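# Architecture and fold: a report
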Amino acid sequence: MSAPTDEPTPDDLQSPAQTATTPSTTIADTAASPTDTATSSAAATVGNTRSDGDDRWTADVPPDTPWSFTEYINAYRRNAGHPVHILLSFFRGSGGRLAIATLALVAKQSPCWVLPIVTSNIINIITYRDQHDLSELWVNLTVALVFVLQNVLSTWTVALQFGRVNRNIERKLRGSLVVKLQQLSIRFHNETQSGRLLSKVMRDVENVEVLIDQTYRSLPIIALDITIAIVVTAMHSPTVLLFFALTVPAAVIAIYCFRKPIRQSNHDFRSQMEQTQAAVAEMIEMIPVTRAHGLQHVEIDHMSKRLNHIHDTGLRLDVVNGLFGATSWVVFQVFQLGCLAFTSYLALNGRIQIGDVVLFQTYFAQIVNSISSLINLYPVLTKGMESVSSIGEILQETDVERNARDVEPARLRGDVEFRHVDFRYSPDYPMVLRDFSLTVPAGQSLAFVGDSGSGKSTLLKLLIGFGVPQAGSVLVDGIDLKEMDLDAYRRQIAVVPQNTILFSGTLRDNIIYGLGDVNDAEVERVVREVGLDDVVAELPEGLDTQLGEHGGTLSGGQRQRIAIARALIRHPRIIIFDEATSALDSASERKVQAAIDHMMGQCTTFMVAHRLSTIRNADRIVVMEHGRAVESGSYDDLMAARGKFYRLKTLQE
Ligand SMILES: Nc1ncnc2c1ncn2[C@@H]1O[C@H](COP(=O)(O)OP(=O)(O)OP(=O)(O)O)[C@@H](O)[C@H]1O
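Residues numbered from 1 in each chain as written. Predicted model: local features only at pLDDT ≥ 70, side-chain atom pairs only at ≥ 80, totals over all residues. Heavy atoms only, no water.

## Re the packing of helix α5 (residues 95–127) against helix α9 (residues 194–236)
Here is the rule: Lines fitted to the C-alpha atoms define the axes, with helices restricted to the stretch that makes contact. Angles between their N-to-C directions range from 0 to 180 degrees. Numbered from the N terminus, helices here are DSSP runs of H or I no shorter than four residues, and strands are runs of E no shorter than two. For classification purposes, an angle smaller than 35 degrees is called roughly parallel, one larger than 145 roughly antiparallel, one from 65 to 115 roughly perpendicular, and anything else oblique. For a crossing to be left-handed, the near helix must be turned anticlockwise from the far one by less than a right angle; the clockwise case is right-handed. Residues are treated as being in contact if the distance between any of their heavy atoms lies within 4.5 Å. Polarity classes work like this: nonpolar for Ala, Val, Leu, Ile, Met, Phe, Trp, Tyr, Cys and Pro, charged for Asp, Glu, Lys and Arg, and polar for all others, with Gly in that last group.
At a minimum axis separation of 10 Å, α5 and α9 run at an interaxial angle of 40°. Put simply, α5 runs oblique to α9. For the pair α5 and α9, the crossing hand works out as right-handed. Where α5 abuts α9, its residues L98, A101, T102, L105, V106, Q109, W113 and I117 lie against Y216, R217, P220, I221, L224, D225, I228 and V232. Among the residues making up the contact of α5 with α9, the classes are represented as twelve nonpolar, two polar and two charged.

Written as structure tokens, this is what we have:
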């Protein structure tokens, strides 16, 4: 009879990647949208990254973040480079539950140890009737029954107590990753494929969970199985024990031979799965572009090469794992047959009793199974430890944005000043802004125009705080952004990027994103002000209509007006339009333009626009050239001056 065990199965070694949910693009158009952050390497290079001090891993954790979600970030920091220590630190505070679960685990396994003794006793009682009383038979059967029946209760206890510990680790690991992803710099996110990150959050955490589950359920049992088998065998026959000892070196040799290829195959497979997940995410994102250019065959071809590669690597892993299991099985079966031959010989010579042949055979099988489980556990261990390290690539990443600074701004007025700003993205790149100075009083609307690459978007990024000038400063209400608490500051500004990012949810959710409760009248007001009321009237459920992922059913102009509504409802003191109308046809542009015009005067407004007609109403236009302002004035002044702006404008007509 075999008691329920939790040995790893080949399926466990190859658990499929958990389906990742679609990347949520719920970034508000305030400050941190992908479009406007696309070139934010400045932030990481010179601004927000701090590589000194201990807070670099957990900088700026939002105050209401559950403590447990940052606990593992610290665990990784404290035990950097020691994955086993990291893994053990996950169990902190779970001692009580683990103790109960372990006791239950031992009880659950106990029939395995007791039943061979009972079976052997019964055979000896029946075989050697003159030496035994028949009542011993009933005692043995009763003991066996008690041990068997308690298995239900002990299994339930293990599932509940250990399950709580392990599921909690899983939750906290994913929580830590979420917190860390929110802290990592925009540069990091721009440079890292989202699919890779998804794979870490879903698949790697799952691997760690499997590792803990299988190790916890197997290791103590394996240790006890071997110990009990050895002790009982030693008490019955030291000669047989000596024979048993031969199996251990065989196991060690098998593990030694297969360790390296298994580790390598796991590593290759894991990294290819990660890359493929990233590629699939990218492919899905690209589908409209691919379709528009009729390039489906290119994508299919590209993916099929990748999938072939994964197929080969996965197959190699399966074969190595399979060979590993088969070889160890054959080795141990040969030993087991040898054990049967040896103990039969001892019984024939009267050196042991017949019942003992069964006892030794069962215990030998137990030792063999234990070592075999240990060997099967090895790939799970390797894969899990690989995932512990893979998660560490994120949790130990130091490229975090550090936004908490000394000055927390009160309600901003919206005065902005660029004072003698010099800026470059990194020491290897040329200067983008040179001694740039500009003062913008609160409430003024200002448009940057100029050649491509002249530094317009860079100015906006500095204003958002995505970069810090190498010389000079950017001041808002007279406070240097270097000293300003950026999260608090960014809550008072809004950015409308070229591409509006909508998330799956209702139209209302998308407008009030991140604001909690906003009353209907307020939402309806902004909807009217951006001219969305006619659109809302046509939607089946009005503001409560589900937009579907990425709001695919809306036109570019409608999406853009949602972005403006999202900005408007926040009552920003500074608003930034980064080419907000450049992707629109003229009918949509007019509507969006009306919404933008509505915002002007309510707060300080910055605009970058390529279509010069759209900035006609700006109070001031600054013409940029090679990182400097070469002209400045109202539309009419600049046209009258017949300088660079005039030339740009006439070129567009
Ligand atoms: N992340 C970056 N790393 C390095 N260089 C960058 C980065 N982002 C922008 N640049 C460089 O900085 C210069 C100014 O770029 P910026 O995007 O500010 O120009 P722009 O005037 O907004 O151009 P466009 O009108 O084409 O958007 C360009 O030469 C550009 O190549």
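The discussion continues.
## Quick notes on the nonpolar core
For the record, the criterion: Only buried residues count toward a nonpolar core, which is a set of Ala, Val, Leu, Ile, Met, Phe, Trp, Tyr and Cys residues joined through side-chain atoms within 4.5 Å. Each residue is placed in one exposure class: buried if its accessible area under a 1.4 Å probe, protein chains only, is under 20% of its type's maximum, exposed if it is over 50%, and partly exposed if it falls in between.
By size, the foremost hydrophobic cluster in this structure holds 46 residues, and its most contacted members are I511, I564, F577, I615, I621 and F645. The element best represented in this core is helix α19 (residues 556–568), accounting for six residues. Setting aside residues up to four positions removed in sequence, I564 forms contacts with V496, V530, F577, V592, A595, I596 and M599. Y76, F91, I169 and L197 belong to the second largest nonpolar core, which has 37 residues in total.

## Remarks on the site of the ligand
Rules: Whether a residue is near a molecule or strand depends on its heavy atoms: if one lies within 4 Å, it is near. In the analysis that follows, any N or O atom pair within 3.5 Å is treated as a polar contact, provided that within protein one partner can donate a hydrogen and the other can accept it, and provided that, for residues neighboring in sequence, both atoms belong to side chains. Method for areas: the Shrake-Rupley scheme with a 1.4 Å probe, in which residue coverage is limited to the protein chains shown.
Taken together, 15 residues lie near the ligand, and S452, G453, K456, S457 and T458 sit nearest. Within the contact set of the ligand, an oxygen atom lies 3.0 Å away from a backbone nitrogen or oxygen of G455. About the coverage of the ligand: the protein hides 70% of its 630 Å² of free accessible area. Sorting elements by how many residues they give to the shell around the ligand places helix α14 (residues 456–464) first, with three residues.

## So, empty space enclosed by the protein
Put simply, the rule is: Of the two site types, the cavity is a set of points on a 1 Å grid over the protein atoms alone where a 1.4 Å probe fits but cannot get out, and the pocket is an open set with protein on both sides within 12 Å along at least five of seven lines, each lined by residues with an atom within 4 Å of a point. Grid points are joined across faces, edges and corners, and a volume is the space filled by probe spheres set on the points.
Enumeration over the complete set of coordinates arrives at four cavities of 30 Å³ or more. Each pocket or cavity is described by its volume, and for the largest cavity that value is around 60 Å³. Every residue lining the largest cavity is counted, ten residues in all, and those nearest its centre are G467, V468, P469, L481 and K482. The residue makeup of the lining of the largest cavity, split by class, is five nonpolar, two polar and three charged.

## Some details on the sheet that holds strand β8 (residues 604–608)
To keep things clear, this is the line we draw: Pairs of strands are assigned from DSSP output, requiring at least two bridges between the strands.
If you walk across this open sheet you meet the six strands as β6-β7-β8-β3-β9-β10, and the pairing is mixed. Strands at the two margins of the open sheet, each flanked by one partner only, are β6 (493–496) and β10 (628–633). Neighbour to neighbour, the strand axes of the sheet diverge by 20° on average, direction disregarded. Relative to strand β7 (residues 574–578), β6 runs parallel, the two being bridged by four bridges. Bridge pairing in β7 links V495 to I576. Together, β6 and β7 form the strand contacts of α19, whose direction differs from that of β6 by roughly 175°.

## Quick word on the pattern of salt bridges
Put simply, the test is: Take a side-chain nitrogen of Lys or Arg and a carboxyl oxygen of Asp or Glu: if they are within 4 Å of each other, that pair is a salt bridge.
Under the definition given, this model contains 17 salt bridges. E417 is the partner of R419 in a salt bridge, and the nearest nitrogen-oxygen pair spans 3.1 Å. For R419, a relative accessible area of 38% gives the class partly exposed. Overlapping salt bridges, with partners in common, bring together R167, E170, R174 and E209 in one network.

## Brief notes about the environment of R270
Along the chain, the position of R270 falls in helix α11 (residues 247–292). Residue classification places R270 among the buried positions, given a relative accessible area of 8%. Once residues within four sequence positions are removed from consideration, R270 is found in contact with K200, D204, E386, S390 and E393.

## Description of the UniProt feature "transmembrane region" (unreviewed entry) in the protein
Stated precisely, the cut-off is as follows: UniProt positions are given in the numbering used here, feature names are shortened, and annotations may be inferred rather than shown by experiment.
The UniProt record annotates "transmembrane region" (unreviewed entry) at residues 137–162 and 241–258. Between the end C-alpha atoms of residues 137–162 there is a gap of 37 Å, over a span that is 96% helix and 0% strand.

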